[in-house]
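Survey of secondary and tertiary structure
Okay, here's what each chain looks like letter by letter:
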Amino acid sequence: MFDLKQHPHRRFNPLTSEWVLVSPQRTERPWQGQVEETQPEEQPVYDPDCYLCPGNARAGGVRNPQYPRTFVFDNDFAALRPDTPEGRVQEGELIVGESERGICRVVCFSPRHNLTIARMSVAEIREVVDTWVDQYQELGALPFINWVQIFENRGALMGASNPHPHCQIWADEKAPNESRKEAHSQSEYHVKHQSCLLCDYLELELRSQERLVCENDSFFALVPFWAVWPFEIMVISKRHVAGLDDLSGAERTNLAGILKQITSRYDNLFQVSFPYTMGFHQLPKDGKPHPEWHLHAHFYPPLLRSASVRKFMVGYEMLAMPQRDITPEQAANRLRELND
Ligand code: H2U
Ligand code: ZN
């Protein structure tokens, strides 16, 4: 008898229309490969060499103000620029390139160098949520911007260039790949069923409770059935809203609360400041209604079985499809049992 808990199988991700291979029988394989150093030394409240601390000069020479709360600035090494001339290169269907305009910003969460979301108070995180809302609205209102991507790389393992608590915002002229896939799937589902993909998915998860990690009045955090990363989490708003700017004041505070709960659970999993990439998928800012779109956040953390062994996306993953060993249900179970 086929059993998801024992037998190799594939799971479908309805948001991206991609599959993940799950190999539950493979968790005990030995590891003699790379060992990560994730235990960061305790950081000082202020680091005179940090590009992001208040009062310090950044790499480009501009000096940060003595900011008391959150602080937003245009990325000094922006990947996208608003003044890029429009153009297109095309040879038949096989060589296609086009100009891309955009704006890249950095958001410092706090003047204090040694904080992380897990170590900030809910009130402090709420100020970060308010800043995200302001930026999403301001950048999204620009006529040439159609997608606003807010994301945080946390920890050296995830490529964060600096331990100071911060995130980035890249606002694009054209919808990037992940947003295009998710928009397509949510829209197809909406047309076919006259209901929202993530609202319907939430209902199933609430019934089974197997993959829930934690919740509050406004949000659920769960390990999705189709999770790729070992301890991947998706945060889904209970109410059908499309963007952070649709949240009420109480819901913004609850978002801050669930972000603190998730990151605290993560830190408690292997007793280290847990590395991850997280980000929000919100209503595209292309001026269209998008009744199908449901606000959510993804946490993609790379650690697998301890603070020193990470999941690699290589080999079969690069050439065929993503694969995981511990099941999403096992991961959810472990995260659920941790203290937040
Ligand atoms: P990451 O830690 O996710 O790399 O984000 C830091 C960003 O900050 C990065 O995109 C920018 C980098 O370009 N940055 C500045 O704009 N000015 C600086 O002085 C240092 C870093
Ligand atoms: Zn700093």
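Refer to the preceding data block for the structure.
Residues numbered from 1 in each chain as written. Chains lettered and ligands numbered in written order. Predicted model: local features only at pLDDT ≥ 70, side-chain atom pairs only at ≥ 80, totals over all residues. Heavy atoms only, no water.

A closer look at the sheet that holds strand β6 (residues 102–108)
Strand-to-strand pairing in sheets goes through backbone hydrogen bonds, with the strands running parallel or antiparallel. Applicable threshold: Strands are treated as partners if at least two bridges between them are detected by DSSP. Under the DSSP-based scheme used, a helix requires at least four consecutive residues in state H or I and a strand at least two consecutive residues in state E, with every element numbered from the N terminus. Where helices are involved, their axes are fitted lines through C-alpha atoms of the stretch in contact, as for all axes, and angles between N-to-C directions lie from 0 to 180°.
The strand order across the open sheet formed by nine strands is β3-β6-β8-β7-β12-β13-β11-β10-β9, and the pairing between neighbours is antiparallel. Only two strands of the sheet have a single partner each, and these edge strands are β3 (71–74) and β9 (212–215). On average, each strand axis in the sheet is inclined to that of its neighbour by 20 degrees, with strand direction left out of account. Relative to strand β11 (residues 233–237), strand β10 (residues 219–222) is paired through four bridges, and the arrangement is antiparallel. Paired with Ala 221 across the strands is Val 235, a residue of β11.

Some details on the site of ligand 1
To keep things clear, this is the line we draw: Throughout, near means a residue has at least one heavy atom within 4 Å of the molecule or strand. Pairs of N or O atoms within 3.5 Å make up the polar contacts considered here, provided that, within protein, one atom can donate a hydrogen while the other can accept it, and that residues adjacent in sequence are counted only when both atoms are side-chain atoms. Throughout, the Shrake-Rupley method with a 1.4 Å probe supplies accessible areas, and for residues the shown protein chains are the sole cover considered. Polar here means any residue other than Ala, Val, Leu, Ile, Met, Phe, Trp, Tyr, Cys and Pro, which are nonpolar, and Asp, Glu, Lys and Arg, which are charged; Gly is therefore polar.
Close to ligand 1 lie 13 residues; Ala 59, Asn 75, Asp 76, His 166 and Gln 168 are nearest. Contacts to ligand 1 include Ala 59, whose backbone N or O atom sits 2.6 Å from an oxygen atom. One nitrogen or oxygen atom from the main chain of Ser 161 is found 2.8 Å from an oxygen atom belonging to ligand 1. Expressed as a share of its isolated accessible area of 470 Å², the protein-covered part of ligand 1 is 87%. Tallied by class, the residues present in the shell around ligand 1 amount to six nonpolar, five polar and two charged.

Concerning the coordination of the zinc ion (ligand 2)
What counts is decided by this rule: Sodium, potassium and calcium take a 3.2 Å donor cutoff, other metals 2.8 Å, and in both cases only N, O and S atoms count; water is not among them, so sites may look incomplete. Here a site with four donors is tetrahedral if all angles are between 85 and 135 degrees, and a site with four or six donors is square planar or octahedral if opposite donors are over 155 degrees apart and the other angles are between 65 and 115; anything else gets the irregular label. Between buried and exposed lies partly exposed: a residue is buried under 20% and exposed over 50% of the maximum accessible area for its type, with that area taken using a 1.4 Å probe on protein chains only.
All of the protein donors around the zinc ion (ligand 2) are Cys 50 (SG), Cys 53 (SG), His 113 (ND1) and His 164 (ND1); their distances to the metal are 2.0 to 2.3 Å. Angles of 103 to 116 degrees at the metal separate the four donor atoms of the zinc ion (ligand 2), which places the site in the tetrahedral class. In primary sequence terms, the donor set of the zinc ion (ligand 2) follows C-x2-C-x59-H-x50-H. Here the residue Cys 53 occupies a position in the loop between β2 (18–22) and β3, and His 113 occupies one in the loop between β6 and α1 (122–140), the gap between them amounting to 60 residues. When its relative accessible area of 0% is taken as the criterion, Cys 53 is described as buried.

Describing empty space enclosed by the protein
Under the convention used in this document: Every definition here rests on a 1 Å grid over the protein atoms only: cavities are sets of points where a 1.4 Å probe fits but cannot get out, pockets are open sets enclosed by protein on both sides within 12 Å along at least five of seven lines, and lining residues have some atom within 4 Å of a point. Grid points are joined across faces, edges and corners, and a volume is the space filled by probe spheres set on the points.
Inspection of every chain in the model, using the stated rule, returns one cavity of 30 Å³ or more. In this structure, the largest cavity spans a volume of roughly 40 Å³. As for the largest cavity, its lining consists of Thr 116, Ile 117, Ala 118, Arg 154, Thr 263, Asp 267, Ser 273, Phe 274 and Tyr 276. Its residues assigned to classes, the lining of the largest cavity shows four nonpolar, three polar and two charged.

Quick notes on the packing of helix α4 (residues 249–270) against helix α6 (residues 328–337)
For clarity, the threshold we go by: Oblique is the label for any angle not under 35 degrees, not over 145, and not in the 65 to 115 range, which are roughly parallel, roughly antiparallel and roughly perpendicular in turn. Note on contacts: a residue pair is in contact if any heavy atoms of the two residues lie within 4.5 Å.
Running from N to C, α4 and α6 point in directions that differ by 100 degrees, and their axes come no closer than 9 Å. Between α4 and α6, the angle falls in the class roughly perpendicular. On the side of α4, the interface is formed by Arg 265, Tyr 266, Leu 269 and Phe 270, while α6 contributes Arg 334, Leu 335, Arg 336 and Glu 337. Of the residues contributing to the contact of α4 with α6, the split by class is four nonpolar, no polar and four charged.

Concerning the packing of aromatic side chains
In plain terms, the rule: In summary, the pairing rule links any two rings of Phe, Tyr or Trp, Trp by its six-membered ring, whose centres are within 6.5 Å, and it sorts them by plane angle into stacked for under 30 degrees, edge-to-face for over 60 and tilted for everything else. Note on geometry: a ring has a charge over it if NZ (lysine) or CZ (arginine) is within 6 Å of the ring centre and within 35 degrees of the ring normal.
In this structure the tally under the stated criterion is 14 aromatic pairs. With 6.1 Å between their ring centres and 35 degrees between their planes, Phe 270 and Phe 274 make a pair best called tilted. One cation-aromatic arrangement involves Arg 11 over Phe 225; the distance from NZ or CZ to the ring centre is 4.2 Å. For the cation-ring pair, Lys 285 lies above Tyr 136, with the distance from its terminal atom to the ring centre recorded as 4.2 Å.

These figures capture arrangement, not role.
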